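Fold and geometry: a report
Spelled out, the chains give:
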Amino acid sequence: MASALAARLGLNSRARKAPRSFHVRISTAESDMEFSCEVKWKGRDLFDLVCRTLGLRETWFFGLRYDIKDTVAWLKMEKKVLDQEVPKEEPITLHFLAKFYPENAEEELVQDITKHLFFLQYGGYDPDVHTPGFLAAEDLLPKRVINLYQMTAEMWEERITACYAEHRGRTRDEAEMEYLKIAQDLDMYGVHHFSIRNQKGTDLLLGVDALGLHIYEANDRLTPKCSFPWNEIRNISYSDREFTIKPVDKKTNTFKFNSSRLRVNKLILQLCMGNHGLFIRRRRVDSLEVQQMKSQAREERARKQVERQRLQREKQRRDEAERARDELKRRLIQLQDEARVANDALLRSEQTADLLAEKAQIAEEEAKLLALKAAEAEAEMQRVKASATRGQEERRLLEHKMLEAEMLALKMAEESERRALEAEQLKQDLQEAKESECRAKHKLLEITSRTVSAAPAPQSDSMPPDLSFSRENLSFDFKDSDMKRLSMEIEKEKVEYMEKSKHLQEQLNELKTEIESLKMKDRETPLDVIHNQNSEQGTGRHSNFKKVACGPPPSIHTSILSPNWAPSSPV
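Along each chain, residues carry numbers from 1 onward, in the same order as the chain's sequence is written. In keeping with the predicted nature of the model, local features appear solely for residues at pLDDT of at least 70, side-chain atom pairs appear and are counted solely at 80 or more, and the whole-chain, interface and lining totals rest on all residues. Excluded from the side-chain calculation are hydrogens and water; included are all heavy atoms of the structure.

A few words now on the overall build of the protein. The helix count covers DSSP runs of H or I at least four residues long, the strand count covers runs of E at least two residues long, and both are numbered beginning at the N terminus. For the protein, the helix and strand inventory stands at 13 helices and twelve strands. Each residue is assigned to one of three classes by its accessible area relative to the maximum for its type, calculated with a 1.4 Å probe on protein chains only: buried under 20%, partly exposed between the two thresholds, exposed over 50%. The burial tally for the protein puts 34% of its 571 residues in the buried class. The contact criterion used is simple: two residues touch if any of their non-hydrogen atoms lie within 4.5 Å. Long-range pairs, those at least 24 residues apart, make up 63% of the contacts in the protein with a sequence separation of at least 6. Note on areas: these come from Shrake-Rupley sampling with a 1.4 Å probe, and a residue is covered only by the protein chains present in the view. Summing over all exposed atoms, the protein offers an accessible surface of approximately 36800 Å²; the carbon and sulfur share of this is 53%.

A few words on unusual backbone geometry. In this structure, Pro91 follows Glu90 across a cis peptide bond, with omega equal to -5°. Among the secondary structure elements, Pro91 is positioned in the loop between β4 (71-74) and β5 (92-98).

Centres within 6.5 Å are what make two rings of Phe, Tyr or Trp a pair, Trp counting through its six-membered ring; a difference in plane orientation under 30 degrees is then read as stacked, over 60 as edge-to-face, and the rest as tilted. In this structure the tally under the stated criterion is eight aromatic pairs. When the centroid spacing of 6.0 Å and the interplanar angle of 25° are considered together, the rings of Phe47 and Phe96 count as stacked. On the criterion of sequence distance, the pair formed by Phe47 in helix α2 (residues 43-54) and Phe96 in strand β5 is long-range, its members being 49 residues apart. Given a relative accessible area of 4%, Phe96 falls into the buried group. Aromatic rings pair up to connect Phe228, Phe243, Phe255 and Phe257 into one cluster. For a ring to carry a charge above it, either NZ of a lysine or CZ of an arginine must fall within 6 Å of the ring centroid while also lying within 35 degrees of the normal to the ring plane. Of note, Arg281 hangs over the ring of Trp60, and the distance from its end group to the ring centre comes to 3.7 Å.

For Ile233, the position within the fold is in strand β10 (residues 233-239). Sequence separation of Ile233 and Ile245 is twelve residues, and the distance between their C-alpha atoms is 7.0 Å.

Before going further, it helps to spend a moment on the nonpolar core. In these notes, a set of buried Ala, Val, Leu, Ile, Met, Phe, Trp, Tyr and Cys residues joined through side-chain atoms within 4.5 Å is what counts as a nonpolar core. The biggest cluster of nonpolar side chains holds 64 residues, and the ones touching the most others in it are Ile26, Phe62, Leu94, Phe96 and Leu213. Of the residues forming this core, the biggest block, eight residues, is contributed by helix α8 (residues 262-282). If we ignore the near neighbours within four places in the chain, the residues touching Leu213 are Leu206, Gly207, Val208, Cys226, Ser227, Phe228, Trp230, Ile233, Ile236, Ile245 and Cys272. Residues Leu148, Met151, Trp156 and Ile515 belong to the second largest nonpolar core, which totals six residues.

Here the focus is the confidence of the model for the protein. Of the residues in the protein, 77% have a pLDDT of 70 or more, and the chain-wide mean is 76. Mean pLDDT values for the elements of the protein range from 44 in helix α1 (residues 2-15) up to 91 in strand β8 (residues 212-217). A residue's pLDDT is simply how confident the predictor is in it, with values from 0 to 100. Long-range and interchain partners of residues 1-15, a stretch whose pLDDT sits below 50, account for zero contacts in this model, where long-range means more than four residues apart. A low-confidence stretch, residues 552-571 (pLDDT under 50), is modelled with 38 contacts involving residues beyond four sequence positions or located in other chains.

As a further point, take the pattern of salt bridges. Here, a salt bridge means any side-chain nitrogen of Lys or Arg that lies within 4 Å of a carboxyl oxygen of Asp or Glu. This model, assessed by the stated rule, comprises 16 salt bridges. Linking Arg197 and Asp203 is a salt bridge whose minimum nitrogen-to-oxygen distance equals 2.8 Å. A salt bridge links Glu307 to Arg310, with the shortest nitrogen-to-oxygen separation between them at 2.5 Å. Pair noted here: Glu307 and Arg310 are both in helix α9 (residues 288-386), with a separation of three residues, about one helical turn. One network of salt bridges, with partners in common, ties together Glu103, Arg282 and Arg283.

As defined by bridge partners, β10 adjoins strand β11 (residues 242-247) across six bridges and the pair is classed as antiparallel. Bridge assignment links Ile233 to a residue of β11, and that residue is Pro247. Linking two consecutive strands that pair antiparallel, namely β10 and β11, is a turn of two residues; a positive phi of about 60° is found at Asp240 within it. At least two bridges found by DSSP between two strands is the condition for calling them paired. Here four bridges tie β11 to strand β12 (residues 255-258), and the two strands are oriented antiparallel to one another. Bridge pairing in β12 links Thr244 to Lys256.

Residue placement: Glu432 occurs in helix α10 (residues 392-454). We classify Glu432 as exposed; its relative accessible area is 51%.

What follows covers the pairing of strand β7 (residues 203-208). Buried residues dominate β7, accounting for five of its six residues. Pairing of strand β6 (residues 192-198) with β7, which is carried by six bridges, proceeds in the antiparallel orientation. Looking at the pairing, Ser195 lines up with Leu205 of β7. Between β7 and the antiparallel strand that follows it, β8, lie three residues.

Have a look at this one:
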């Protein structure tokens, strides 16, 4: 009994052991994924699993972020997931986001999935789908921007739709890259802002991005008061809540600032280390992995170029076949109309011929009847002459009757002659009607024979079902060109792409100039005023780094990665 009770207690104790796995939900810009993770997994294990699932190799731009109280934090790669301050309820929700941004998106971003994760682009323009009002449900412009200009929502939609339709046919990769090229020139692109205070207690903003550190006034996130490029920073360290930035130039004063929250200090330090590491990496020779990815990307672009050309040729031939089919349909309808007209003319000719034949027959019968009457009159005249030997009175009467009979005979003869001429004329009309009928029949046969023999033989799948034409199926033989010709085509495509980009930039400038005249100055915010001043004066975040982009290769000081980088006091 005791042993059985002990055994049950042992089983219950084993059942109460901690679980050996936990569930995580990873949220991306377009979908959510769930994974079952082992308890011993570190942040690197989970991050690598997500990257493998997405097919992502440029992993150094991204991270897993989670919310904690009134701020955010990034999952540490070398620390167990459950040992960090992640949410405790399962599934644990983490956000897969871009943690670091490239200096030049067109040169640095290699994989298509990397570009796609930085921006998700809409599909191509289709006038049947994108009817007026299709942008009503899209938050393409903030209400502040719409209210800033004297333009209605319909006017905005008309302008956007016109640009959208003009760039119809662009691939998603081209559209995404054009968007990123425009976005990376904005003053707040890729900048993480944090509230800080200097040694005098003045509230300031610290900006961390791919180029360095920036110090802003509290109410101005556009114009940095001073900037520290990564190649001019010798060391960054913090103790408790105080950060110290030591420039390379020892004559330059050290800049110190305070942050009130420890978690924010850790986040600032992580972003500084990561951005500085990428800054150094960009200015060194690409690693073997990056070289392989770039080589694969070039081969993929070449393959896509050949595929696009093949599809373009197929589309062109299909359009030509459709145009030929439409032309054949039009010609068929025209020939059918001509045949119908000829058939109607033939029918009318047959009816006219029948009518003339009937009239000729009637005229012939009338002529016979008149000839018979003339013969009777002649016989009567002969009888009158035979009785002329009668008396004088009878003779006068006979002479009078004979005169009347002669006049009647003459009249009958003239009428008979006229009827005979009319009958002859009707015979001629009948002959002409028969000849017209023969010509109509010949024309109908000629139209029919010309339809069958002159029409080109179209494909059976592109002709209407009531046609009896036949032709052989089109065959398309596409051969791969040699590498020299492919390189020339790729170079040509690159030139066309640069011209398209230049054309797009000119369109954006024209649109900006056009809508700028409609802007209402009284609705501008302080940030709008600052941005306008910066645009007129040519100042901004990017102007502080012209010497970095245009000058000689910077001298990289690795002391930033020295032990002094780490906090001087335990965290």
